[in-house]
Amino acid sequence: MVASLLVALAIVAIVIAVVTARLGPTSVAELEARQDRLKERLEQREERREERADRAGR
Amino acid sequence: MEHLVEGMALGNVTEVKVVLASIVAALAGYQVFLMAVGYGKLRLPFLGSRPASATHRAVGDAIVVVTVVVAFMCISYFGFDEGEDGPAALHMVFGALLLAVLSVKIVVLRWWHSAGRFLPPLGITVFVLFLLTWLTSAGDFLAG
């Protein structure tokens, strides 16, 4: 019986590992950092677009 | 109640629910295997029918506790929305059916022993409902 209970525990551990890996980072700090990086990238893209528009306008 | 659930899950209610529901669905599959051994449908040299049945009971008790926690999180945080359609509506139907059939199974196991012959079909029904409930919520979420 102990072995079959250990199999159940192994199933639980495997499911936790697989599902959390699929979900990705969920901690608030990691999500905020990801959002900051995204915001930064969008701002840089916007700046480059404006620069190009300025150059084309000249 | 919503704040309690959010506090318990540290703000990650959906993610915690997905993990717990996935554990329960996987263990439900293991339960079917254990009872196939328990009823002698599957004969294995390394697992007898008595330890298989005992493990089925122990794992089943744990499944019921986790299922009640998931149902509580689901109902108190997400609630019932009559306007829902698609997987969310199916999830509500399957989830409610699952709780009903699981309750009947517990009643048959603990008190209504004369209905014991219905335990195998009840068990299979519970397993199928676990899968359908998972597929229409956690499975759908994980698939993106």
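Residues numbered from 1 in each chain as written. Chains lettered and ligands numbered in written order. Predicted model: local features only at pLDDT ≥ 70, side-chain atom pairs only at ≥ 80, totals over all residues.

Caption draft 1: Structural context of the overall build of chain B. Secondary structure assignment for chain B yields 5 helices and 0 strands. Element order for chain B, N to C, with α for helix and β for strand: α-α-α-α-α. Counting only C-alpha atoms, chain B reaches 45 × 30 × 25 Å along its principal axes. By residue count, 28% of the 144 residues in chain B fall in the buried class. Restricting to contacts in chain B with at least 6 residues of sequence separation, those with at least 24 account for 70%. (Helix = DSSP H or I, 4+ residues; strand = E, 2+ residues; numbered from the N terminus. Buried ≥ 20, exposed ≤ 12 C-beta atoms within 10 Å, placed from the backbone. Contact = placed C-beta atoms within 7 Å.)

Caption draft 2: Geometry of helix H4 (residues 87-110) of chain B. Taking 1.5 Å per residue as the helical rise, H4 of chain B with its 24 residues ought to reach 34 Å, and the 34 Å between its terminal C-alpha atoms agrees with that figure. Looking at H4 of chain B, one finds that the buried residues are His91, Met92, Phe94, Gly95, Leu98, Leu102 and Lys105 of chain B. (Expected span 1.5 Å × (residues − 1).)

Caption draft 3: Region of interest: the confidence of the model for chain B. All names here are of chain B. In this model, chain B carries an average pLDDT of 90, and 99% of its residues clear a pLDDT of 70 or more. The spread of mean pLDDT over the elements of chain B runs between helix H1 (residues 2-8), the lowest at 78, and helix H2 (residues 13-38), the highest at 93. Taken over the whole predicted complex, pTM reads 0.79, whereas the ipTM for its chain interfaces reads 0.84. (pLDDT = per-residue confidence, 0-100.)

Caption draft 4: Local environment of the interface of chain B and chain A. In this complex, chain B contributes 19 residues to the contact, which on the side of chain A involves 14 residues. Put simply, the parts of the chain that give the side of chain B that touches chain A at least two residues each are H2 and helix H3 (49-78) of chain B. Looking at the side of chain B that touches chain A residue by residue, the class counts come to 14 nonpolar, 4 polar and 1 charged. (Nonpolar A, V, L, I, M, F, W, Y, C, P; charged D, E, K, R; others polar.)

Caption draft 5: The arrangement of the nonpolar core in detail. Ala21, Val24, Leu27 and Phe130 of chain B are the most contacted members of the largest nonpolar core, which has 25 residues in total. Contributions of two or more residues to this core are made by helix H1 (2-23) of chain A together with H2, H3, H4 and helix H5 (119-143) of chain B. Among the elements that make up this core, the one with the highest residue count is H2 of chain B (9 residues). Contact partners of Ala21 of chain B, with chain neighbours within four places excluded, come to Val70, Trp134, Ser137 and Ala138 of chain B. (Core = buried A, V, L, I, M, F, W, Y, C linked by C-beta atoms within 7 Å.)

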